[in-house]
Amino acid sequence: LIFIGRWVKQKGVDHIAELAPAILRIHPEVQIVLAGKADDACGMYAQELLAPLLHEFRGRLFLCTEFFRLSDEMRRGAHLCFAPSCSEPFGYVDVEFGLLGVPSVGCAVGGLGKMPGVYFRQQNSDSNKMLLEAFFCAVHYALKMPDREYWEMAKAATMAAFPYETWRDNLNEAYLQAMRHFKHKEGESHTMNHMWGKVTAKDAVKQAMTPRRPIAFGHSDEATDIAQTMQVLDVQDNAEFLTQAVTEKRTHKIMRGSMAQEGGRRYNAESLQSSICQAEQRRTEKSHVTLWLMKPFAFGLCLRIHVVIALCYIFSSVGETVLKAVTAVEARSGLASEHVLWSTFYGGAACGCCLWLCLSRGLPPNLLMAGSQIVNLLFFMIVPSLPEHAVKSDWVTLAYWASCGVQSTSRLLFIIWNFNEDFHGGFQVACKRIGILESLRTAAGMLSVIVSLGGMAYVYQQIVLIISLTTLILLFKAPQCYCAYSLPPMGWVEGLFTHKSFILLLLSEMLNATVSYTSQTYHDWWVLNGWSTHDIISFSLVIMAVSALVVPFIFAGLQRVSVWGPWPMRDFTCFLPPGSLLRALALYDLGYLHHRSYLFAAALIASYCIDVLRSASVFASMMAVLGNKWYALKGCYIVIAMTSLCSCASPFVGRAIAVAVVNTSPFQRVTLDKPVSHSGSLGEAVFWAVVPLTLAAYFFQLVTLRYFNSDILTYRGHGNLLPTGAATGASSTMHRVPITALRRMHRAARKPRRRMP
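Residues numbered from 1 in each chain as written. Predicted model: local features only at pLDDT ≥ 70, side-chain atom pairs only at ≥ 80, totals over all residues. Heavy atoms only, no water.

Asker: Help me understand the overall build of the chain, please; the structure alone is not making it clear to me.
Answerer: A count of helices and strands for the chain gives 33 helices and eight strands. Sequence-distant contacts, at least 24 apart, represent 76% of the contacts inside the chain between residues at least 6 apart. Carbon and sulfur atoms form 61% of the exposed surface of the chain, whose accessible area is close to 36,400 Å². (Helix = DSSP H or I, 4+ residues; strand = E, 2+ residues; numbered from the N terminus. Contact = heavy atoms within 4.5 Å. Areas by Shrake-Rupley, 256 points an atom, 1.4 Å probe, with all protein chains shown as cover.)

Here it is, written out as structure tokens:
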């Protein structure tokens, strides 16, 4: 087995280094030749992993860390050519070896896979585990391949014609699409080319690249200045992820120190890269609070700044949950009725989406999140403590609830920025964290309902006050990457509506939000079914416990299987029905049958927990489809704005449908029994107001199955199938390897070798 090329992350040399011991132990007849120069941290990591193996596998492992001319005899003598590149725009090493009768084994991505060989596809390019295991399976299958099949593949490689015409046509098509979709605004220049021909060009460029002035609440360092310079010169690729320059010597020192830790977990290249960047930031950071926030939390599960942002999310939007508990809101007669308060709150939420999204273009994330905490303190702590005569007017009440709606939509900021500085996985494997945050937020909301019903709201307010003040102070001391960047200038819907899955999930969420008011007045349903306030508090405790304890385990399992591809997330999101459907059916079929029905109460509790699961999975799926965090910020704010408008209209739409069908308003929550008159019961009114729209929402979820995989950026296909489902290769076949077989191979690799006497 041979690898010739630069030792960089793009070439996947770190994967070869991690799998080399297992390959050499399972296949004692194998020799590995690796040659090339280490040009980045992954290359250095590969050298550090392979160096100790030279003594153990003497005569079977050959390393050369410099480029040299490879003789034709050595090329022809190779059995297989390693090609595990993570990305490859062209690729010619596989062509060189293929024409000499040496098939390739590696990843079919980009320009690779055009020559005969054994390949795997990136089912999840963000998962290092998936790439490693798939590469291991491909190498194992290639080495176990029957001789006849191997020599047929080698013969086909010598006669393969490089598809130059196809490559040229595809490249021309890519250029045409780029030119066709490029929108140039009249009178504006997207570059500084107009400045080069002028006499004052040098002074103009120098002025444009002047470093930013430091501000009181934002750090300004060398990384920020470099990012600004790159933006001026139109070098914008990954500018937001720039960190302080780290020398090769220091990189090597940090890497060796991390790998030499005894008793620590096994590091991969991405973990070490994260350690290097964070170590360099900690070295140059002078604030002790910022240094404390940059340290790992819970054995490296996340950083402490992530915990601070998570606390902001968990205790935000408490008013939204309180609003859904009718007895927690003293609805006034006249203008400020219950459904008017509901519509006012979600009308303010729709306006809040526009506000926070616009502010994201000019303010850094830490100031936005700190502003949200200040508003949270103002509207949930200070305003409710004012004298009653100061807020006696109905208009003041409506303004208060509209302001609470504006504040509630800031929660998306805490979700998006909770994943900053994470080097592992995309949003599709981040469902565990999203599920944990959403479940804890639901538990906090249920706790607010419990204390409101139990008359202990003051104690809860003091807890939220302490947490909000603490997180507010810490946000002002957030690390540099939370203080230097804002939403880049781009179209408001750019990159969003090209994804069919996003559109379908948006439609599903809008339809589900249209029935939100009618389906979430279940507090009255419990009362009408004979349950007391003490019983309802017990139900809320059950919901809080399930949300805080059970839901995170479900999403942890979902994340564990999502590393192999988008299918688990797709199936979980698309097949999980809205909880409002179960609630409406339970009220229609069970609500009036028995007084204090335990089955009815259990159905409502289960439906609420289903809503928590569905909400977290839908948003995780949308973020995975959009891929980029800036697109996720824009797209999810558009989703929240549209669903808030639908929730705002929900009371009126539900009433209109129910009155038109059964001549009964769902607002008339007096009894669950069927009336003697020709009018329908409350259960029938809720059924017709909720079930048709909910079924339509579920239909759009099921249709999303068709387009979900092809919309995921990290999904590059499966076996010999492209993301669209089309087969590739003239005579390609697919070989499936079960997880159990993979575990057996790893156990065999861990067994000590028998020494020959």
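What follows continues from the structure just given.
Asker: Just to check I follow, could you spell out the packing of helix 23 (residues 500-514) against helix 29 (residues 598-626) for this structure?
Answerer: Angle between the axes and distance between the axes are the two parameters that describe a pair of packed helices. As a packed pair, helix 23 and helix 29 sit with axes 10 Å apart at the nearest point and diverge in direction by 155°. Compared by their axis directions, helix 23 and helix 29 come out roughly antiparallel. Where helix 23 crosses over helix 29, the handedness of that crossing is left-handed. Where helix 23 approaches helix 29, its residues Ser501, Phe502, Leu505, Leu506, Ser508, Glu509 and Asn512 are matched on the opposing element by Arg614, Val618, Phe619, Ser621, Met622, Val625 and Leu626. (Axes fitted to C-alpha atoms, helices over the stretch in contact; angles between N-to-C directions. Parallel < 35°, antiparallel > 145°, perpendicular 65-115°, else oblique. Left-handed = near helix turned anticlockwise from the far one by under 90°.)

Asker: I'm lost on the packing of helix 27 (residues 567-575) against helix 29 in this one. Help?
Answerer: Two numbers describe how helix 27 lies on helix 29: the axes approach to 9 Å, and their chain directions differ by 130°. The orientation of helix 27 relative to helix 29 falls into the category oblique. Regarding helix 27 and helix 29, the two cross each other, and that crossing is left-handed. In this structure, helix 27 uses Met569, Phe572 and Thr573 to contact helix 29, whose residues at the interface are Leu613, Ser617, Val618, Ala620 and Ser621.

Asker: Please explain the environment of Phe497 as it appears in this structure.
Answerer: Note on placement: Phe497 falls in the loop between helix 22 (457-475) and helix 23. Taking relative accessible area as the criterion, Phe497 reaches 39% and is therefore assigned partly exposed. Along the backbone, Phe497 and Leu626 are 129 residues apart, and their C-alpha atoms lie at a distance of 9.6 Å. Setting aside chain neighbours within four positions, we find Phe497 in contact with Phe502, Ile503 and Leu506. (Buried < 20%, exposed > 50% of the residue type's maximum accessible area, 1.4 Å probe, protein only.)

Asker: In this structure, what is going on with the pattern of salt bridges? I would like to understand it.
Answerer: If charged atoms from side chains of opposite charge come close, those side chains can pair. Tallied over the entire structure, the rule returns seven salt bridges. Salt-bridge contacts for Glu152 lead to Arg148; the nearest nitrogen and oxygen are separated by 3.4 Å. Pair noted here: Glu152 and Arg148 are both in helix 7 (residues 147-158), with a separation of four residues, about one helical turn. Between Arg441 and Glu438 there is a salt bridge; the shortest N-O distance is 3.4 Å. Remark: Glu438 and Arg441 occur in helix 21 (residues 431-453); sequence separation between them is three residues, near one turn of the helix. (Salt bridge = Lys/Arg side-chain N within 4 Å of Asp/Glu carboxyl O.)

Asker: Is there a simple way to explain the packing of aromatic side chains in this structure?
Answerer: Centre distance and the angle of the planes are the two values used to describe a pair of aromatic rings. Under the definition given, this model contains 19 aromatic pairs. For the pair Trp417 and Trp630, a centre-to-centre distance of 5.6 Å together with 75° between the ring planes defines the contact as edge-to-face. Residue Trp417 is found in the loop between helix 20 (411-416) and helix 21, and its partner Trp630 is found in helix 30 (residues 629-662); the two are separated by 213 residues along the sequence. Grouping aromatic residues by their ring pairs yields a cluster made of Trp342, Phe345, Tyr346, Tyr400, Trp401 and Tyr517. (Phe/Tyr/Trp six-rings, centres within 6.5 Å; stacked < 30°, edge-to-face > 60°.)

Asker: Looking at this structure, how should I read a nonpolar patch on the surface?
Answerer: Nonpolar side chains collect at one region of the surface, where Met456, Tyr458, Val459 and Ile463 lie side by side and expose about 430 Å² of accessible area between them. The topology assignment puts Ile463 in helix 22. (Patch = residues over 30% accessible without salt bridge, like charges linked within 9 Å, V, L, I, M, F, W, Y side chains within 5 Å.)

Asker: Please clarify how helix 31 (residues 682-704) should be interpreted in this entry.
Answerer: Residues separated by three or four positions in an α-helix point in the same direction, a consequence of the helix having 3.6 residues per turn. Under the 1.5 Å per step criterion, the end-to-end length of helix 31 is 33 Å for 23 residues, consistent within 8% with the ideal 33 Å. For helix 31, the principal kink sits at Val690 and spans about 25°; a proline, Pro692, occurs within the next four residues. (Expected span 1.5 Å × (residues − 1). Bend = angle between axes of the 7 residues up to and from the residue.)

Asker: Teacher, can you tell me more about the environment of Leu437 here?
Answerer: Secondary-structure assignment places Leu437 in helix 21. Once residues within four sequence positions are removed from consideration, Leu437 is found in contact with Ala310, Tyr313, Ile314, Ile415 and Asn418.

Asker: Looking at this structure, I do not really get the pairing of strand 5 (residues 104-107). What am I missing?
Answerer: On a regular strand, each side chain points to the face opposite its neighbour's, so the side chains alternate between the two faces of the sheet. Bridge count for strand 4 (residues 81-83) against strand 5 is three bridges, and the pairing is parallel. Of the residues in strand 5, the one forming a bridge with Cys81 is Ser104. (Pairing = 2+ DSSP bridges.)

Asker: What am I meant to see in unusual backbone geometry here?
Answerer: Generally, phi is negative for residues other than glycine and the peptide bonds are trans, each holding for most cases. We note that Asn663 has phi near 60°; this positive angle belongs to a residue other than glycine. In this fold, Asn663 is placed in the loop between helix 30 and helix 31.

Asker: Would you explain a positive patch on the surface in this entry?
Answerer: Together, Lys129, Arg560, Arg743, Arg744, Arg747 and Arg750 give the surface a local cluster of positive charge. When residues in the positive patch are grouped by element, the largest group, four residues, is from helix 33 (residues 739-750). Taking relative accessible area as the criterion, Arg750 reaches 62% and is therefore assigned exposed. (Lys, Arg positive; Asp, Glu negative; His and termini not counted. Charge placed at Lys NZ, Arg CZ, Asp CG, Glu CD.)

Asker: Quick question: what am I supposed to make of the confidence of the model for the chain here?
Answerer: Low-confidence regions, as indicated by low pLDDT, have predicted coordinates that should not be scrutinised in detail. Summing up the model confidence of the chain, the mean pLDDT is 78 and the portion of residues at 70 or higher is 77%. By mean pLDDT, the top-scoring element of the chain is helix 23 (94), and the lowest-scoring one is helix 11 (residues 222-232) (45). Counting interchain partners and residues more than four positions distant, the pLDDT-below-50 stretch residues 195-199 has five contacts. The model gives residues 211-244 a pLDDT under 50, and that stretch makes 57 contacts with residues more than four places away or in other chains. (pLDDT = per-residue confidence, 0-100.)

Asker: Sorry if this is basic, but what is going on with the side chain of Ser644 here?
Answerer: Mapped onto the elements, Ser644 comes out in helix 30. Residue classification places Ser644 among the buried positions, given a relative accessible area of 4%. When sequence neighbours within four positions are dropped, the list of residues in contact with Ser644 reads Tyr346, Ala349 and Ala350.

Asker: Explain the side chain of His306 here, please?
Answerer: Inspection of the secondary structure puts His306 in helix 15 (residues 304-314). By relative accessible area, which is 1% here, His306 ends up buried. Polar contacts involving the side chain of His306 include one to the side chain of Tyr482, which spans 3.4 Å. (Polar contact = N/O pair within 3.5 Å; in protein donor to acceptor, adjacent residues only side chain to side chain.)

Asker: How should the state of the cysteines be read in this particular structure?
Answerer: Simply put, disulfide is the name for a covalent bond between the sulfur atoms of two cysteines. For the structure shown, the criterion picks out zero disulfides. With no disulfide of its own, Cys86 lies 7.2 Å from the sulfur of Cys107, the closest cysteine sulfur. (Disulfide = S-S within 2.5 Å.)

Asker: I would appreciate a short explanation of helix 23 in the present structure.
Answerer: The end-to-end C-alpha distance of helix 23 is 21 Å, a good match for the 21 Å that 15 residues give at a rise of 1.5 Å each. Along helix 23, eleven of the 15 residues are buried, which leaves the element largely enclosed by surrounding structure. Within helix 23, the full set of buried residues consists of Ser501, Phe502, Leu504, Leu505, Leu506, Ser508, Glu509, Met510, Asn512, Ala513 and Thr514.

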